[in-house]
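# Residue-level structure breakdown
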Amino acid sequence: MAKVRAEPYEFEFERASCALVIVDMQRDFVDPGGFGEALGNDVSLLRKAIAPTQKVLAAARAKKLLVIHTREGHRPDLADLPRNKKLRGRLKTGIGDKGPMGRILVRGEYGHDIVDELKPAPGEPVVDKPGKGAFYATDLDAILHARGIWQLVVCGVTTEVCVNTTVREANDRGYDCLVLEDCVGSYFPAFQKAALEMVKAQGGIFGWVSDSARFLKGLARA
Ligand code: C5J
């Protein structure tokens, strides 16, 4: 068992039963000129997570951890886009419309894909998800079960939306989750802080929180 210093207490994991999950590091959320920025958000708050996540990704690959990438988005015909998600926000330009990087959050479009800095390697599963949680309407649970994975190290964006929803879904399905606080990002600093607090409160009600440096130390010993 490898050990990572974490809150509320150390996270113990086996390399063979642990996967790295990188949530929605997509151009439309993270890159300047994308949908996120068009909505008035400061993407630099999300971009801070790229460099530490690159280090974690490289180390995970070197240690042969399963690496999974997720992308939030919809079919080009929008048949899987619920009415509430399409209408929410009363946006002039929203999901499915032509945005700065192609049709917004539509599979196959430039903005929907993962940022160049964290490009999936051949063989790494990319899970396309229509919702916020990575388990809803996807084959993620089947992929993890097939490989005997029950522990997840989670990076990505945004902390309080897709990362938090995924961790909660994972927790209810029996997975232990470790969230790396410098590898997740939110457009709202107060939400970043609160979302991390929520994971580790009450003895780790949804999981553990650590950071890339502490995780890399633990992984080096695994
Ligand atoms: C959002 C996400 N924020 N990946 N998506 O709509 O967190």
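I will try to describe carefully the structure that is included in this document. Note that the structure is predicted; figures quoted are calculated from it, not measured. (Residues numbered from 1 in each chain as written. Predicted model: local features only at pLDDT ≥ 70, side-chain atom pairs only at ≥ 80, totals over all residues. Heavy atoms only, no water.)

Turning next to the pattern of salt bridges. In total, this model carries 17 salt bridges according to the counting rule given. In this structure, Lys 132 and Glu 72 form a salt bridge, with 2.8 Å as the shortest nitrogen-oxygen distance. With a gap of 60 residues between them, Lys 132 in the loop between strand 7 (126–129) and helix 6 (140–146) and Glu 72 in strand 4 (residues 66–72) connect regions that are remote in the sequence. Linked by salt bridges that have partners in common, Glu 7, Lys 200, Asp 211 and Arg 214 make up one network. (Salt bridge = Lys/Arg side-chain N within 4 Å of Asp/Glu carboxyl O. Helix = DSSP H or I, 4+ residues; strand = E, 2+ residues; numbered from the N terminus.)

For the rest of this paragraph, the subject is the nonpolar core. Membership of the largest hydrophobic core comes to 37 residues, with the highest contact counts inside it found for Phe 13, Leu 20, Met 25, Val 30, Leu 178, Leu 180 and Phe 215. Those elements giving two or more residues to this core turn out to be strand 1 (2–4), strand 2 (11–13), strand 3 (18–23), helix 1 (27–30), helix 4 (50–62), strand 8 (151–157), strand 9 (176–185) and helix 9 (212–220). Discounting residues that sit within four places of it in the chain, Val 30 has contacts with Met 25, Val 43, Leu 46, Arg 47, Ile 50, Val 115 and Val 157. (Core = buried A, V, L, I, M, F, W, Y, C linked by side-chain atoms within 4.5 Å. Buried < 20%, exposed > 50% of the residue type's maximum accessible area, 1.4 Å probe, protein only. Contact = heavy atoms within 4.5 Å.)

All right, on to the pairing of strand 7 then. Side-chain direction in a regular strand flips from residue to residue, so the side chains alternate between the two faces of the sheet. Side chains Val 127 and Lys 129 of strand 7 all project onto a buried face; the interleaved residues Val 126 and Asp 128 project onto a face where none is buried. Direction of pairing for strand 4 relative to strand 7: parallel, over a ladder of 4 bridges. Bridge pairing in strand 7 places His 69 opposite Val 126. (Pairing = 2+ DSSP bridges.)

As a matter of local geometry, the ligand sits amid Asp 24, Phe 29, Glu 72, Lys 132, Val 157, Thr 158, Val 161 and Cys 162. Within the side chain of Lys 132, an N or O atom sits 3.0 Å from an oxygen atom of the ligand. Here an oxygen atom of the ligand and a backbone polar atom of Thr 158 are 2.9 Å apart. The fraction of the free accessible surface of the ligand (230 Å²) that becomes covered by protein chains is 86%. Judged by the proximity of its atoms to the pocket grid, the ligand belongs to the largest pocket. The residue makeup of the shell around the ligand, split by class, is 4 nonpolar, 1 polar and 3 charged. (Near = heavy atom within 4 Å. Polar contact = N/O pair within 3.5 Å; in protein donor to acceptor, adjacent residues only side chain to side chain. Areas by Shrake-Rupley, 256 points an atom, 1.4 Å probe, with all protein chains shown as cover. 1 Å grid on protein atoms, 1.4 Å probe; cavity = no way out; pocket = protein on both sides within 12 Å on 5 of 7 lines; lining within 4 Å. Sits in = over half its atoms within 2 Å of the grid points. Nonpolar A, V, L, I, M, F, W, Y, C, P; charged D, E, K, R; others polar.)

What follows concerns the packing of helix 4 against helix 9. Where helix 4 contacts helix 9, the axes come no closer than 10 Å and their chain directions differ by 10 degrees. When the axes of helix 4 and helix 9 are compared, the pair comes out roughly parallel. Residues Pro 52, Lys 55, Val 56, Ala 59 and Ala 60 of helix 4 pack against Ser 212, Phe 215, Leu 216 and Leu 219 of helix 9. Of the residues contributing to the contact of helix 4 with helix 9, the split by class is 7 nonpolar, 1 polar and 1 charged. (Axes fitted to C-alpha atoms, helices over the stretch in contact; angles between N-to-C directions. Parallel < 35°, antiparallel > 145°, perpendicular 65-115°, else oblique.)

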